[in-house]
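Chain by chain, the residues:
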Amino acid sequence: MASSKKTAILGLFTALIIALQVLSYFVKVGTFSISLTLIPIVLAAVMYGPSYGAVLGAVFGAVTFIGCITGIDAGGQMLLQSSPVITLILTLFKGAAAGFAAGIIARPLYKNHKTFAVILSATVAPIVNTGIFIAFLVLFFKDTLYIWAGGNNIAYYVVFSLVGINFLIELSLNAILSPAILRVTKILKK
């Protein structure tokens, strides 16, 4: 693909990711933001490969980190106050890894099994994103996690609050919207 076309595609997806992530701060289920940002990341990863997914995932991470700094993401701001460097690494890494994983999963399947490739990639991205988030919380932010759990059982809180609500909603949205992702990939590939 020509360099100017790559730049234009990255610019378009970057703008979409920024808009969707900012919008997610205002779309909440309880105290959790619901993000549609992984959808364009998956779309780019499926269509253009894992490197596009990783770069756009890092954009998602950067916008998330800015939300932590500004306080629009209250939970993220708590993590930032605990450890700014680890929070930066967490936000960038989880997004980039989710985008990269979506592209790696799609690559061998997309040519012959487009629908399956898109659905699998759209499922893997939130699993990677949330899995890394939970791992970082447990490894580096245990005190904050304890506060979020209200002094109750941390494992219960992680499974039924963090994973149970936010993850399942985002996973479901990705899986439900996968057919739309597939249609868009077919239109854009023409």
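Residues numbered from 1 in each chain as written. Predicted model: local features only at pLDDT ≥ 70, side-chain atom pairs only at ≥ 80, totals over all residues. Heavy atoms only, no water.

**Q** So what about the packing of aromatic side chains? Which residues, and what values?
**A** Applying the stated rule across the entire model yields 3 aromatic pairs. Note on Phe93 and Phe136: the rings are 6.4 Å apart at their centroids and 40° apart in plane angle, and the pair reads as tilted. Within this pair, whereas Phe93 is found in helix H5 (residues 84-106), its partner Phe136 is found in helix H6 (residues 114-140), the two being separated by 43 residues in sequence. A relative accessible area of 12% places Phe136 in the buried class. When the centroid spacing of 5.2 Å and the interplanar angle of 50° are considered together, the rings of Phe136 and Phe140 count as tilted. Residue Phe136 and its partner Phe140 are located together in helix H6, separated by 4 residues, close to a single helical turn. (Phe/Tyr/Trp six-rings, centres within 6.5 Å; stacked < 30°, edge-to-face > 60°. Helix = DSSP H or I, 4+ residues; strand = E, 2+ residues; numbered from the N terminus. Buried < 20%, exposed > 50% of the residue type's maximum accessible area, 1.4 Å probe, protein only.)

**Q** Summarise the side chain of Asn174; cite the residues concerned and give the values.
**A** Summarising the element assignment, Asn174 is placed in helix H8 (residues 154-189). On the basis of relative accessibility, which here comes to 3%, the residue Asn174 falls in the buried class. A distance of 3.1 Å separates a polar atom in the side chain of Asn174 from the backbone oxygen of Ala122. When residues no more than four places from it in sequence are discounted, the contact partners of Asn174 are Leu38, Ile39, Ala122 and Pro126. (Polar contact = N/O pair within 3.5 Å; in protein donor to acceptor, adjacent residues only side chain to side chain. Contact = heavy atoms within 4.5 Å.)

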